[in-house]
Amino acid sequence: MSGQVTAITRLGEFVDRKLERQFSEDSLDRSRAAAHLCVIATSATSLGFAPLDVLMLEGAARLWFLADRLVIAALCLAAIILVARAGDHRRLVRLTLAQQVVFFTLNALIFDHPVLAHHGGALMPLIAICLFIFLPGGFRAAALLSAYAALVSLLVWGVLRPQPESARDLAVILMLTLVAYVVGGLARTQFGRMRREEYRHRQTLLAAKEAAEAGAKAKADFLAVMSHEIRTPMNGVLGMLRLVQENPLPERQRQRLDTACHSAEGLLTILDDILAFSKLEAGSFEVETAPFNLPATLEGVVALMELRAAEKGLSLTLEQGAGLPEWLAGDVGRLRQVLFNLVGNAVKFTERGGVALRAVPVTRADGLTGVEFSVADSGPGIDAAQLARLFQPFSQADASISRRFGGTGLGLVICKRLIEGMGGDIAVDSTPGHGSRFHYRLGFALAQPATAAAAAETAAALPALAVLLAEDHPVNQMVTREMLESGGHRVTLAGDGAEAVERAAAGGFDLILMDMQMPTVDGLEATRRIRALPAPAGAVPIIALTANALPGDAARCRAAGMNGHLAKPVRRQALDAAMAEVLGLGHRCWRR
């Protein structure tokens, strides 16, 4: 809002009438409280004299005073109810002002009370200052009512009673009332200004918050579009490369194919880093707890990184400390992601020597089983200035590193936030020219070993299945179909969600693979329609096979009725595991 629009007058109100009305409506609850205060306080003050009426008055005078106060009580009750029900600020103000005008008129008729014969004038300044400060509504209306209330009371009490006050006393009371009236007006002006400045500041903060939320939404929408648009062709590239890799090839051709596949996977890693960082920034990080075999996890990380280390002539060793427990409960996926990142960085930046992954048990005071993980290398090391920005987003120790080795500069940031999310803290010890050592400690609960039956279920081969593939992209149709058919499955294609629902209704399928974004009817709506079909067609397991890999996509699929979620590009092993899971043959297949 511009400064001219939000300017405040000398009366403590916004210059812009539209903004003033908006402020009044937004302050309705506060104005309602002020209205109730005025109605109840003034009425209670008058009604408090009822016992004195009984004690000090007689005959017709007593009846007149009590009847007047009874009308005031009824008026008070009606005003309280009507003010509480008022739905807008203008109606609330009108009700309050009307009640106050009638009240002070009625109260003035009985202001000539014996108790107030000598001290009633002290109430006039009090009426003038209090009403001016607390009455809801605009300054001018409050000023007029405050003046009327004080003057009509003073007129009846000081002038029209049988024994009026002396002119001198009236002048003194009038002067004090005028001073109180001015003080009340100044106080109202300052209170009004402070409230409107607070409101203006709150509106500025609200506008900034809305702008930030709009920016965040635009960023999320951009990431969603880019993720989908990049993953869709990447599924075709990697899918076809991996299918060709399964065939016998001359050694030189296989090397070229492996290079192309590694390059495509590198591009996918960059995309995954950006999406992972986005998830962590959005606060969508969730720690999962499940039993896992720690030695097997460590050995698996080393086995997958050995080839890359060997290509550079580096040694890659694993050291497991004495007493290291075998089975723990924790988020093995996050642990593996951190270790892959740290070991991968060490291999990437080390030219000679080797990399060592070490895990040793440590004691903890909280009763959990502590494990310290460390990755040491013989690389170039990191100086103090570079260490200061090592864990900052999109930053690498040396700007030349990004030119030599590539990468987004997000890997260590993601590691740090994942470790902190699991209750640990990462640190690094490094000396230029003598390598680096990254280390962190985590706490786990002990777990029971997985049964042999569960392992056998995971390894069980899938039977030949009748699969309905709902996919609109021709390349993805070809890739997924060849993956499935090479595994002995029979595949039926559906080019959009409407066709998928039609074919599913005809029956005869063991499994449905569903893309999320398709023309005519999308995958979520198609799933809901399939789930509405009578069994067995409506009960066929459905797996989302989609390029939508942002936070919440898996939950949206689950809410629509799907049984699993896989993000493209998908590996054959991941697809087989997901299919086994929904058919009751494997582990959980929700991929976030």
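Residues numbered from 1 in each chain as written. Predicted model: local features only at pLDDT ≥ 70, side-chain atom pairs only at ≥ 80, totals over all residues. Heavy atoms only, no water.

**Brief notes about a nonpolar patch on the surface**
The line we're drawing: Only residues whose relative accessible area exceeds 30% and that form no salt bridge are eligible for patches; like-charged ones are grouped when within 9 Å, while nonpolar side chains (Val, Leu, Ile, Met, Phe, Trp, Tyr) are grouped when within 5 Å. Per-residue accessibility takes into account occlusion by the displayed protein chains alone, with areas from the Shrake-Rupley method and a 1.4 Å probe. Between Lys or Arg on one side and Asp or Glu on the other, a salt bridge is scored when a side-chain nitrogen of the former is within 4 Å of a carboxyl oxygen of the latter. The numbering of helices and of strands both runs from the N terminus, where a helix is a DSSP run of H or I of at least 4 residues and a strand a run of E of at least 2. The buried label applies to any residue whose accessible area, calculated with a 1.4 Å probe on protein chains only, is under 20% of its type's maximum; exposed applies above 50%, and partly exposed to all values in between.
Taken together, the side chains of Val172, Met175, Leu176, Val179 and Val183 define a hydrophobic patch exposed on the protein surface, amounting to about 430 Å² of accessible area. Here valine 179 lies in helix α8 (residues 167-245). What makes valine 179 partly exposed here is its relative accessible area of 47%.

**Topic: the packing of helix α16 (residues 474-486) against helix α20 (residues 572-582)**
The condition that has to hold: Structural elements are reduced to axes, namely lines fitted to C-alpha atoms, with helices fitted over the stretch in contact, and the angle between N-to-C directions of any two is expressed from 0 to 180 degrees. Put simply, angles under 35 degrees are roughly parallel, angles over 145 are roughly antiparallel, angles from 65 to 115 are roughly perpendicular, and the rest are oblique. Two helices crossing with the near one rotated counterclockwise from the far one by less than a right angle form a left-handed crossing, whereas a clockwise rotation gives a right-handed crossing. Here a residue-residue contact requires only that any non-hydrogen atoms of the pair lie within 4.5 Å. Residue type decides the class: Asp, Glu, Lys and Arg count as charged, Ala, Val, Leu, Ile, Met, Phe, Trp, Tyr, Cys and Pro as nonpolar, and the leftover types, Gly among them, as polar.
It is at 11 Å that the axes of α16 and α20 come closest, and there the two elements cross at 65°. As the angle between them shows, α16 and α20 are arranged roughly perpendicular. Relative to α20, α16 is oriented so that their crossing is right-handed. Contact residues: Met483, Leu484 and Ser486 in α16; Arg572, Leu575 and Met579 in α20. Looking at the contact of α16 with α20 residue by residue, the classes come out as 4 nonpolar, 1 polar and 1 charged.

**Regarding the pairing of strand β6 (residues 426-430)**
As a reminder of what qualifies: When DSSP locates at least two bridges between a pair of strands, those strands are taken to pair.
Residues Ile426, Val428 and Ser430 of β6 are buried on one face, while the alternating residues Ala427 and Asp429, pointing to the opposite face, are not. Between the antiparallel neighbours β6 and strand β7 (residues 436-446) lie 5 residues, among them glycine 433 with a positive phi of about 85°.

**Some thoughts on the sheet that holds strand β9 (residues 490-494)**
Strand order in the open sheet formed by 5 strands is β9-β8-β10-β11-β12, and the pairing between neighbours is parallel. Of all the strands in the sheet, the pair left with one neighbour each is β9 and β12 (564-567). Going across the sheet, the axis of each strand differs from the next one's by a mean of 20°, ignoring polarity. This element, helix α18 (residues 523-531), spans β10 (511-514) and β11 (542-546) of the sheet and lies at about 155° to β10. In this fold α20 packs onto β8 (466-470), β10, β11 and β12, with an angle of close to 175° to the strand it touches most, β12.

**Looking at the environment of alanine 128**
Looking at the element boundaries, alanine 128 is found in helix α6 (residues 123-134). Taking C-alpha positions, alanine 128 is 9.2 Å from glycine 185, a pair spaced 57 residues apart along the chain. With residues up to four places along the chain from it excluded, the contact list for alanine 128 reads Ser146, Ala150, Thr177, Ala180 and Tyr181.

**Things to note about the packing of helix α10 (residues 294-311) against helix α11 (residues 332-349)**
Interaxial distance between α10 and α11 falls to 10 Å at its minimum, and their mutual angle equals 30°. What the angle tells us is that α10 and α11 run roughly parallel. The crossing of α10 and α11 is right-handed. Contacts between α10 and α11 involve Leu294, Thr297, Leu298, Val301, Leu304, Met305, Arg308 and Ala309 on the former and, on the latter, Val332, Leu335, Arg336, Leu339, Phe340, Val343, Gly344 and Val347. Split by residue class, the contact of α10 with α11 holds 12 nonpolar, 2 polar and 2 charged.

**Quick notes on the side chain of threonine 492**
In this structure, threonine 492 sits in strand β9. With near-sequence residues (within four places) excluded, threonine 492 lies in contact with Val467, Leu468, Leu469, Arg503 and Phe509.

**What to know about the confidence of the model for the protein**
For clarity, the threshold we go by: pLDDT is a per-residue confidence score from the predictor, ranging from 0 to 100.
On average, residues of the protein score 84 in pLDDT, and 87% of them reach the 70 mark or higher. Note on residues 397-408: pLDDT is under 50 here. Beyond four places in sequence and across chains, it has 20 contacts. Considering only residues more than four positions removed or in separate chains, one finds that residues 451-460, a stretch of pLDDT under 50, has 3 contacts.

**Thoughts on the packing of aromatic side chains**
Under the convention used in this document: Stacked, tilted and edge-to-face are the three classes applied to pairs of Phe, Tyr and Trp rings, where Trp contributes its six-membered ring and a pair requires centres within 6.5 Å; stacked means planes under 30 degrees apart, edge-to-face means over 60, and tilted covers the rest.
Per the counting criterion, the structure on display carries 9 aromatic pairs. Centroid distance phenylalanine 373 to tyrosine 440: 5.3 Å. Interplanar angle 25°. Geometry classified as stacked. With phenylalanine 373 in strand β5 (residues 369-377) and tyrosine 440 in strand β7, this pair connects stretches of sequence that are 67 residues apart. With respect to class, phenylalanine 373 is no different from tyrosine 440; both count as buried. Taking 6.4 Å as the distance between ring centres and 85° as the angle between the ring planes, the aromatic pair formed by phenylalanine 373 and phenylalanine 444 counts as edge-to-face. Placement of the pair is phenylalanine 373 in strand β5 and phenylalanine 444 in strand β7, with a sequence separation of 71 residues. Both residues of the pair, phenylalanine 373 and phenylalanine 444, belong to the buried class. The structure contains a cluster of three or more aromatic residues connected by ring pairs, namely Phe292, Phe373, Tyr440 and Phe444.

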